Each structure stands twice: as structure tokens, then as C-alpha cells.
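# Topology and contacts: notes
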Amino acid sequence: MKQLEITTQITVFESIDELPIDIKLLMNKAIEAKQMAYAPYSKFKVGAALLLENGSIITGNNQENAAYPSGICAERVAIWKASSEFPNQKILALAISASSATLVVNEPVSPCGACRQTLSEYEINQEDKIAVYFMGEIGNVMKTNSVLDLLPMAFDKSLL
Ligand code: THU
């Protein structure tokens, strides 16, 4: 038997002001989108913004539902919007910001498992990494160089 080790590199920026200018702009778009989230049940609002190769920025936010599982995360709203409007545009980066009405979110909020799975499909298809930047409402911003860094050993279409 042998043991395998999986490591992930995460860059930590002290604040949004430390980000490269184009990513700071992208994060600000995610923050803007977050304000328009529909999250009456969790009161936890998330905004996501994708930077496409052609320079377009596509945003999304979480959309909840009285039938709770029918709601959907910000990241998936954004990626499906991007894929439906610009199916052939590579995605360069994703920025995510989250805030709660009940507490100060001062730690980075990383995408949930279902979003990681969904995002990974598009990253694999485009054969180029998507940089993922995520933060709470304030504080540090974390960056991984790719979605697969957040989802090692992802299930993909290779066996289907
Ligand atoms: N949520 C997101 O939009 N993205 C995530 O990655 C984590 C969770 C949303 C879903 C739900 O509307 C609320 O946050 C609380 O889970």
C-alpha cells in the first residue's frame, strides 16, 4: 500500500485593496451583485462575478425559494448565465463575496461542494484554469489558481 498526499496552494490577500486592479473591479462587481441577492430565508447573501476572455463580466447572486432545496447559489447562477450567453468564451476568473444580515462575515467564504462540481465541468471543458477569489464581507481575500484546486479528484465526464 502507499499513501498519496494532495496539497493546495492558496494565496491570501489582506484585503480587497491588495488585489490586482482588474480583480478588484471584478470583486466589486460581485459585491454589487450580492446586494441584489434574494435570500429572505438564510439572510446570507452571496455575489459572484466571472471575468470572460472577451472582457465581459457576468454576475450572479443566490436565489432562494420557500421550498428550500429549490434555491440556488450565486456561483451557479453566474456560471450558467455565462455559459448560456457566451458559450464559447473562456472564463479567466471568478470573484465571490458573502455577507450575512445576522453576523459580520470576516472570513473568506469558499464555494459549496455542488458549485465546485459545477464550475469544474466548465474549467475542464475550456482546458484553462479559472482563478477563484473569495472573501466574506470584509477582511482577507483568498485565491486558488483553479477550481480543481478546491475540488481535488473531481468526478468528470471521462468515464461517461
Ligand atoms: N450560498 C451561495 O450562494 N454560495 C455558496 O457557495 C454557499 C451558499 C447561498 C445558498 C443559500 O442561499 C445561502 O447561501 C445559505 O446557504
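Going by the structure above, here's the rest.
Structural notes, computed from the coordinates. Nothing here was measured: the structure is a model prediction, and the numbers come from that model. (Residues numbered from 1 in each chain as written. Predicted model: local features only at pLDDT ≥ 70, side-chain atom pairs only at ≥ 80, totals over all residues. Heavy atoms only, no water.)

## Examining the side chain of Glu-75
- Structurally, the position occupied by Glu-75 is in helix H2 (residues 74–85).
- Although Glu-75 is buried, it makes no salt bridge; Arg-76 carries the closest opposite charge, 6.6 Å away.
- In this view, Glu-75 contacts Val-46, Ala-48, Ile-96, Pro-111, Cys-115 and Leu-119; residues no more than four positions away in its chain are not counted. (Helix = DSSP H or I, 4+ residues; strand = E, 2+ residues; numbered from the N terminus. Buried < 20%, exposed > 50% of the residue type's maximum accessible area, 1.4 Å probe, protein only. Lys, Arg positive; Asp, Glu negative; His and termini not counted. Salt bridge = Lys/Arg side-chain N within 4 Å of Asp/Glu carboxyl O. Contact = heavy atoms within 4.5 Å.)

## Points about H2
- Between its first and last C-alpha, H2 extends 16 Å over 12 residues, near the 16 Å set by a 1.5 Å rise per residue.
- Regarding H2, the residues found buried are Ala-74, Glu-75, Arg-76, Ala-78, Ile-79 and Ala-82.
- The inward-facing, buried residues of H2 abut strand S2 (44–52), strand S3 (57–61), strand S4 (91–100) and helix H3 (113–126). (Expected span 1.5 Å × (residues − 1).)

## Some thoughts on the site of the ligand
- Around the ligand, the structure places Ser-42, Phe-44, Val-46, Asn-62, Glu-64, Cys-73, Ala-74, Glu-75, Ser-110, Pro-111 and Cys-112.
- Glu-64 is positioned with one of its side-chain polar atoms (N or O) 2.5 Å from an oxygen atom of the ligand.
- Protein chains bury 76% of the 370 Å² of accessible surface belonging to the ligand in isolation.
- Taken together, the elements giving at least two residues each to the shell around the ligand come down to S2 and H2. (Near = heavy atom within 4 Å. Polar contact = N/O pair within 3.5 Å; in protein donor to acceptor, adjacent residues only side chain to side chain. Areas by Shrake-Rupley, 256 points an atom, 1.4 Å probe, with all protein chains shown as cover.)

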